[in-house]
Amino acid sequence: METHFTSNFDNQSGMETSFSFRLRRYFYLPKDAWILTSTSSIWSIGSATANPFQYLYFAALGASPFLIGLLVAYGTAVTILALLVGGYVADTWGRRRVIIIFSWVSVASALIYFLINSSELIILPLTLASIASVYTPAFNSVMMDSIEPSDRIRGFSVFNAINTIPSAFVPTIGGLLMVQFGILEGVRLAYLMSVIFGTIAITIRTLMLRETYPAPPIDGGSIFSYIKESFISGLRATTKANTAVKKLLLYVTLVGIGTGLTSPFASLYVVKYLGVNPLSYSVVVDFAGITTVALLVGVIFLIQRIGAKKSVLIASVAAPVSNVMFTQAKTMDELLEWGVTGAVATALQTPSLATMQAETIPPSERGKILAMFSVLPSLVSLPSQVAAGYMYTSISPISPFLVSIVPFAIGASILYSVRGNNGKQD
């Protein structure tokens, strides 16, 4: 009996050890990828408290819907220039320096959001936040540099799952702050949380992040030469890319139009037009976050089975369906259905799109070409945001969301026409 008991104990211990090993292996990321993932998650504890309610904050400061559209368009224009510079400097300065410097710029923008007290001052933190986008191509490049090609679907899914965890509960804190202190002071306190957690996260990032791509020495140049060189390099690479890559770029461009029409006014529409209180809206955001995290953890096996391209295609179909549901939503249950549909699209698309990009872009060109994947949708979203502000104010609050269904649907049809090998180079 004693021998038999010991054997069962050993087997159980072995099973637990095996499970623990598989769990660690499942969530494993290389050191630099893990540093970016963990610090982004810490930072999100603060930023996810404020970001869903940013445009409500603008309105509380006195900005009209049309002015909000103009401000968002301005921020997009600055972001486009920042991404162009960021794509170039990521490949010429090195990844780490760009990430660290402009992460601190982003924290500074949250501090100024906390301090301002009128709509005339919104442009100051908005400009800094847009300039901080310089580090986006470098950040994405480090992730792609660090994760092995065969492990990218799992790695990108784990990154996004961990990074999204705060959005599963933190927006409700923002909702509670607004209920307790009002929209203006509640979101202002949320920005203070963003400053605190951002400072903690970026301090860790500054101390621990290593360089993954030592840049070759280059001659100095002005910021305009960076912009010009990055844009020319990105266009040159785009023209040489295979048909699948070009269609993928066209797809993200169309999505940029749809997003520009909807993202600035979703919270305003729900809270101001539908009359949903901020706390209830924050619950919708939380529920979408929980769904996204759960799907990101489990969707890895589906993506590996059907391939990255088909996963992006399914996500592209979910996007217009989600917007149709939003235009019909009147109750909390219907808003929750909208949130879940959007979460499905996010969970499928985020790791799949990153995998397809990583497969098609050589390491020496990643910064510049990834910048183009950000620049093109940002470029078209700029006039969309202005148009959305006009439609929301002059036609109907629901009109931007109805119009956005068209570019989302066209984007889905573009992806459906893609043939080949899931985005790999010909």
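Residues numbered from 1 in each chain as written. Predicted model: local features only at pLDDT ≥ 70, side-chain atom pairs only at ≥ 80, totals over all residues. Heavy atoms only, no water.

This part takes up the nonpolar core. Of all hydrophobic cores here, the largest spans 76 residues; its most connected members are F58 and Y281. Considering each element in turn, this core owes the most residues, nine residues, to helix α9 (residues 170-208). In contact with Y281, other than residues within four places in its own chain, are P52, F53, A266, S267, V270, V271, V276 and W338. Counting residues in each nonpolar core, the second largest holds 14 residues, with V255, L313, A319 and L353 among its members. (Core = buried A, V, L, I, M, F, W, Y, C linked by side-chain atoms within 4.5 Å. Buried < 20%, exposed > 50% of the residue type's maximum accessible area, 1.4 Å probe, protein only. Helix = DSSP H or I, 4+ residues; strand = E, 2+ residues; numbered from the N terminus. Contact = heavy atoms within 4.5 Å.)

The end-to-end C-alpha separation of helix α5 (residues 95-115) is 31 Å, in line with the 30 Å expected for 21 residues at 1.5 Å each. Turning to α5, its buried residues are R95, V98, I99, I100, F102, S103, V105, S106, V107, S109, A110 and Y113. (Expected span 1.5 Å × (residues − 1).)

It is worth spelling out the packing of helix α2 (residues 31-50) against α9 at this point. Two elements in contact, α2 and α9, have axes whose closest approach is 3 Å; the angle formed by their N-to-C orientations is 160°. With respect to their mutual orientation, α2 and α9 come out roughly antiparallel. The way α2 lies across α9 gives a crossing that is left-handed. When its residues are assigned to classes, the contact of α2 with α9 shows 21 nonpolar, nine polar and two charged. (Axes fitted to C-alpha atoms, helices over the stretch in contact; angles between N-to-C directions. Parallel < 35°, antiparallel > 145°, perpendicular 65-115°, else oblique. Left-handed = near helix turned anticlockwise from the far one by under 90°. Nonpolar A, V, L, I, M, F, W, Y, C, P; charged D, E, K, R; others polar.)

Scored by pLDDT, the protein has a mean of 79; 81% of the residues are at 70 or more. Within the protein, helix α1 (residues 2-26) has the poorest average pLDDT of any element, 54, and helix α6 (residues 123-131) the best, 93. Predicted confidence for residues 1-9 stays below pLDDT 50, and this span has zero contacts to residues more than four positions away or in other chains. Every residue in residues 420-426 scores below 50 in pLDDT, and together they form 18 contacts with partners more than four places removed in sequence or on other chains. (pLDDT = per-residue confidence, 0-100.)

Before going further, it helps to spend a moment on a nonpolar patch on the surface. Judged by side-chain polarity, F66, L67, L70, Y390 and I395 come together as a nonpolar surface patch covering roughly 460 Å² of accessible area. When residues in the nonpolar patch are grouped by element, the largest group, three residues, is from helix α4 (residues 65-92). Looking at where L67 falls in the secondary structure, it is placed in helix α4. A relative accessible area of 31% means that L67 is categorised as partly exposed. (Patch = residues over 30% accessible without salt bridge, like charges linked within 9 Å, V, L, I, M, F, W, Y side chains within 5 Å. Areas by Shrake-Rupley, 256 points an atom, 1.4 Å probe, with all protein chains shown as cover. Salt bridge = Lys/Arg side-chain N within 4 Å of Asp/Glu carboxyl O.)

Turning to the packing of α5 against helix α7 (residues 136-146), a few remarks are in order. In contact at an axis separation of 9 Å, α5 and α7 are set at 135° when each is read in the N-to-C sense. Taken together, the axis directions place α5 and α7 in an arrangement best described as oblique. Crossing of α5 over α7 shows left-handed handedness. Contact residues: α5 offers R95, V98 and I99, while α7 offers A138, F139, S141, V142 and D145. A breakdown of the residues in the contact of α5 with α7 according to their chemical character gives five nonpolar, one polar and two charged.

Let us now look at the environment of V324. Note on placement: V324 falls in helix α14 (residues 308-328). In this structure, the C-alpha to C-alpha distance between V324 and S404, residues 80 residues apart in sequence, is 9.4 Å.

Quick look at the packing of aromatic side chains now. Applying the stated criterion to the full structure yields 13 aromatic pairs. When the centroid spacing of 5.9 Å and the interplanar angle of 50° are considered together, the rings of F139 and F159 count as tilted. Of this pair, F139 sits in helix α7 while F159 sits in helix α8 (residues 152-164), and the two are 20 residues apart along the sequence. Residue F139 shares its accessibility class with F159, and that shared class is buried. Relative to F401, the ring of Y269 has its centre 5.3 Å away and its plane inclined at 55°; by these criteria the two rings are tilted. (Phe/Tyr/Trp six-rings, centres within 6.5 Å; stacked < 30°, edge-to-face > 60°.)

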